[in-house]
Amino acid sequence: MDETLAGIIGRWPGRWRHPLLVAELARTPLAALDDRRVAEFVLAGLAAPVTEAEGVRRLIEDGEFAAVDAFFAPGTGDAGEPWRSLAGEWTRDIPGLLEDARKTARAVIAREAAVLRERAERIGLAPADLSDLETAAEHRLAEARQILAAEERRLRDAEDALAAELRGRLGPQDPRTEAVEACLAAGELPAARWLLENNRDDAGAGGPRTVRRAPRWPWYGHTAAEALSWYDDGAQLPFPQLARFVGARRDPGAAAVLDRLRALAAHPDVAAADAFATALSGFLGGNPRSAVDERDGGFVTTIDGLDDTRLPRLSLLRESGVPLWMAGADVPPPADLTPPIIWFVPDNAEELTAPAGTAVLDIPGLLCLLAPTDDDLPTSIPDRRVNLLRALVPQLGLEAVTDTAGGLELNDARPRESLAWLLDLLGIGADAVVLDTLTYETGRHPLAVPAVLTPLLRSLRDRGAYELATADLEAIRTPEARARLRALLLAPLDAAQRAMLGLAGALFPSDPFDAVELASCAHLVGLPEETAPEQLLQPIATADALVTTHFLEHNGDQYRIARSGVGDLARAGAGWDPAEFAAEALERLQYGLGDAHDA
């Protein structure tokens, strides 16, 4: 474009009614402007006219932040700062709108970058250098997205190559093919690799797809007595599919449960109930348990052996075990038993509705658990536990298996895998992207896990769905949802922790910091100069406590806001000012109100 004409366009006051043109001017040197593109952008503005206010707001909405910076830049040709030549109160709102949009963009880009980092780490690929990402997001959102898109393409190529390499390890008629392909289809490459490299009995690693589900029972029209008769030696099987189920007789542990089950169904007394509970506990690899007590028309004991290092700390897995109530479908558990409760019904109980906090296991459900998951191999003990939990947890729901006060702890070494197990046990599907995002949003915080999942699961239940999609996650990112989560997670913090977290969010939202240095900045938010912040805040101990609560992370003597959704809550955002939050906490500390729980 002619240099003179380009200069005129660059100083034209009316350009703010043409947001596409302004965006082009912001990212292209005047000497490099293309005549045709400029003409197209001017014509587009004429075809869909907007006011200056609408044009500037559209630039903000489109992430053209540097272009809007020029709106307030001094000495840009049209009588200094462009906004001064335009009438209207609307210009006063622009700086605030621009800053809010930038904060939102930073948070979105940080979340997406964290998901990509997680993907890279899961396949053993060194993450790309994304150090320019935050600067790009401050300048122009599209630039930041281009950086992320390039990294996503690099990851996708690496993932495709790894998937091909894993498929190449499968031999003809390989019994692992079905499970490996399921992992690959869901993007669960580490789980696929684990299946190929580890023994199935190893409970130390591997996601839910490494454990085949127990078969379903399709013969509820037959009585429990008929079903048990099919397991007799020499019995004629009315359905060929039963061959897999009765294969349980070849597994000594399952055969013991079957024998005790027959005795309990035929003569329900204390001895039969005790023998059955002992056999079931042994089948699950459990420890010695309490004696069976006959009361209220049934039999009660405790059962353990459900624990698994891969799983989150569900209340069903508590060391003391859970009550096992053995009684007919018309005899519910006594009200004084502590939930969650397993109610074993020695009959068919397909249509039984259990009290809250109780999960039903009937004879068909137990026969599914006893069946080998492969045609010729008994199930491993870890697989038995998982498949029993798969039957129980969906009946109980997330709230019943969560510690009301402490939340739900994930496996700290493998939080993503632990979260995948939680969803699996609840009967909810989620692909790799959803899992990555939920891992980021919950940040391993025990209170965040149920708080984030509860509304998502409620939404699925209301529409009869069982698969979480990426679009569902928008519900947990609204300002209202973020405010509720922030209030929940901040509530347990004492005043010193609140002050330090607020200072970190205000002064070091993205950069590492020294805890003592951070505390010394307390005077910037109102702490009197004569007050020693180190004595008031105990910075090292307080920062370490914030690491424990997952708001901070640390490397040596340097701390930083956690790179997670929980960490994002500490940064300035819609309706929340960390500096003001810190000032309020410091004021409480000065007046001796060290506990900020009720704030």
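Everything discussed here concerns the structure shown above.
Rules used in this analysis
- Counting from 1, residues in each chain are numbered in the order their sequence is written.
- Local features are withheld for residues below a pLDDT of 70 in this predicted model, meaning they are given only at 70 or higher, and side-chain atom pairs are given and counted only at 80 or more; totals for whole chains, interfaces and linings count all residues.
- Side-chain numbers here rest on the full set of heavy atoms in the structure, without hydrogens or water.
- Helical segments are the DSSP runs of H or I of at least four residues, strand segments are the runs of E of at least two, and each set is numbered from the N terminus.
- The contact definition used throughout considers only heavy atoms, calling two residues in contact when any of these lie within 4.5 Å.
- Calculation of accessible area relied on Shrake-Rupley with a 1.4 Å probe; when residues are assessed, cover is drawn exclusively from the protein chains displayed.
- Between buried and exposed lies partly exposed: a residue is buried under 20% and exposed over 50% of the maximum accessible area for its type, with that area taken using a 1.4 Å probe on protein chains only.
- Here the rule is simple: two strands pair whenever DSSP picks up at least two bridges between them.
- In the sections that follow, a salt bridge refers to a side-chain nitrogen of Lys or Arg positioned within 4 Å of a carboxyl oxygen of Asp or Glu.
- Fitted lines through C-alpha atoms serve as axes, helices being fitted only where they are in contact, and the angles separating the N-to-C directions of these axes extend from 0 to 180 degrees.
- If an angle is under 35 degrees, it is roughly parallel; if it is over 145, roughly antiparallel; if it lies from 65 to 115, roughly perpendicular; otherwise it is oblique.
- This arc is built from the directions going out from the helix axis to the C-beta atoms.
- Geometry of aromatic contacts follows a simple scheme: Phe, Tyr and Trp rings, the Trp one being its six-membered ring, pair when their centres are within 6.5 Å, and the pair is stacked under 30 degrees between planes, edge-to-face over 60, tilted otherwise.
- Whenever two N or O atoms come within 3.5 Å, that pair is a polar contact, provided that in protein one can donate a hydrogen and the other can accept it, and provided that, for residues adjacent in sequence, both atoms are side-chain atoms.
- In a left-handed crossing the near helix is turned counterclockwise from the far helix by less than a right angle, and in a right-handed crossing that turn is clockwise.
- Here, patches come from residues exposed beyond 30% relative accessible area and free of salt bridges, joined within 9 Å for like charges and within 5 Å for nonpolar side chains (Val, Leu, Ile, Met, Phe, Trp, Tyr).
- Charge assignment: positive for Lys and Arg, negative for Asp and Glu; neither His nor the chain ends contribute.
- Where a charge lies is defined by one atom per residue type, namely NZ (Lys), CZ (Arg), CG (Asp) and CD (Glu).

A. Structural context of the overall build of the protein chain. Along the protein chain, the regular secondary structure elements total 26 helices and ten strands. Within the protein chain, counting contacts between residues at least 6 apart in sequence, those at least 24 apart form 60% of the total. Accessible surface, the protein chain as shown: approximately 27,700 Å² in total, 53% of it carbon and sulfur.

B. The arrangement of the pairing of strand β4 (residues 341-345) in detail. For β4, the buried fraction is high: five of the five residues fall into the buried class. Covered by surrounding structure in β4 are Ile341, Trp343 and Val345 together with Ile342 and Phe344, the residues of both alternating faces. Note that strand β3 (residues 322-326) and β4 share three bridges and pair parallel. Bridged to Met326 within β4 is Phe344. Relative to strand β5 (residues 358-362), β4 is paired through five bridges, and the arrangement is parallel. Bridge pairing in β5 places Trp343 opposite Val360.

C. Inspection of the pattern of salt bridges at higher detail. Counted according to the given criterion, the structure contains 26 salt bridges. As a salt-bridge pair, Arg111 and Glu441 come within 3.4 Å of each other at their nearest N and O atoms. Here Arg111, found in helix α6 (residues 94-122), pairs with Glu441, found in helix α18 (residues 432-442); they are 330 residues apart in sequence, far enough to count as distant. The class for Glu441 is buried, based on a relative accessible area of 1%. Residue Arg482 is joined to Glu441 by a salt bridge in which the shortest nitrogen-to-oxygen separation is 3.1 Å.

D. Inspection of the sheet that holds β5 at higher detail. The strand order β1-β2-β3-β4-β5 describes an open sheet built from five strands, whose pairing is mixed. Each having just a single partner strand, β1 (293-295) and β5 make up the two edges of the open sheet. Pairwise comparison of adjacent strand axes, ignoring direction, gives a mean angle of 30 degrees for this sheet. Pairing geometry for β1 and strand β2 (residues 298-303), over three bridges, is antiparallel.

E. Inspection of the packing of helix α21 (residues 495-507) against helix α24 (residues 539-548) at higher detail. Packing of α21 against α24 leaves a shortest axis separation of 9 Å and a crossing angle of 85 degrees. The angle between α21 and α24 places the two elements in the roughly perpendicular class. Together, Ala496, Gln497, Met500 and Leu501 of α21 and Pro539, Thr542, Ala543, Ala545 and Leu546 of α24 make up the contact between the two elements.

F. Spatial organisation of the side chain of Asp424. By the element assignment, Asp424 lies in helix α17 (residues 415-425). Beyond its immediate sequence surroundings of up to four residues, Asp424 is in contact with Pro208, Arg213 and Arg390.

G. Up close: the side chain of Arg416. Mapping Arg416 onto the fold places it in helix α17. What makes Arg416 buried here is its relative accessible area of 7%. Setting aside residues no more than four positions away along its own chain, Arg416 makes contact with Glu118, Arg122, Glu188, Ala432, Leu435, Asp436 and Thr439.

H. Just the pairing of β5, in detail. Among the five residues that make up β5, five are buried, leaving the element largely enclosed by the rest of the structure. Neither face of β5 is left uncovered, since the one carrying Thr358, Val360 and Asp362 and the one carrying Ala359 and Leu361 both have all their residues buried.

I. Representation of helix α4 (residues 52-61) within the structure. Within α4, the full set of buried residues consists of Ala53, Gly55, Val56, Leu59 and Ile60. Within α4, the buried residues cover an arc of 165 degrees as seen down the axis, which keeps them to one side. Two residues or fewer after α4 comes Gly63, characterised by a positive phi angle close to 80 degrees.

J. Up close: the packing of aromatic side chains. All chains considered together, the criterion is met by eleven aromatic pairs. Between Trp230 and Phe239 the ring centres are 6.1 Å apart and the planes differ by 85 degrees, which places this aromatic pair in the edge-to-face class. We classify Phe239 as partly exposed; its relative accessible area is 23%. Taken together, the aromatic side chains of Trp217, Trp219, Trp230, Phe239 and Phe245 make up a single cluster linked through ring pairs.

K. The arrangement of the sheet that holds strand β10 (residues 558-561) in detail. Within the open sheet, the three strands sit side by side as β8-β10-β9. Their pairing is antiparallel. Single-partner strands in this sheet number two, and they are β8 (513-514) and β9 (552-555). The sheet contact formed by β9 and β10 spans four bridges and is antiparallel. The residue of β10 that forms the bridge with His554 is Tyr559. Sheet contacts for α24: β9 and β10; angle to β9, the most-contacted strand, approximately 115 degrees.

L. Summary view of the environment of Val270. Mapped onto the secondary structure, Val270 falls in helix α14 (residues 270-283). Residue classification places Val270 among the partly exposed residues on the basis of a relative accessible area of 32%. Measuring from C-alpha to C-alpha, the distance between Val270 and Val292 comes to 6.7 Å, with 22 residues separating the pair along the chain.

M. Main features of helix α15 (residues 363-370). Burial of α15 is extensive: seven of the eight residues sit out of reach of the surface. Among all positions of α15, only Ile363, Pro364, Leu366, Leu367, Cys368, Leu369 and Leu370 are buried. The opening residue of α15, the one whose side-chain oxygen lies 2.9 Å from the backbone nitrogen of Gly365, is Asp362.

N. The arrangement of unusual backbone geometry in detail. Here the amide bond leading from Pro339 into Pro340 is cis, since omega sits at 0 degrees, within 30 degrees of zero. Positive phi is not limited to glycine here, since Arg444 has a value of about 65 degrees. Among the secondary structure elements, Arg444 is positioned in the loop between α18 and α19 (448-462). Residue Arg444 is classed as partly exposed on the basis of its relative accessible area of 34%.

O. Structural view of the packing of α17 against α18. Where α17 contacts α18, the two axes come as close as 9 Å, and the packing angle between them is 115 degrees. With respect to α18, the axis of α17 lies roughly perpendicular. Seen along the crossing, α17 lies across α18 with a hand that is right-handed. On α18, the residues that touch Arg416, Leu419, Ala420 and Leu423 of α17 are Ala432, Leu435, Asp436, Leu438, Thr439 and Thr442.

P. Representation of a negative patch on the surface. The grouping of Asp577, Glu580, Glu584 and Glu587 at the surface amounts to a negative patch. Here Glu587 shows up in helix α26 (residues 578-590). Judged by relative accessible area, which is 45%, Glu587 ranks as partly exposed.

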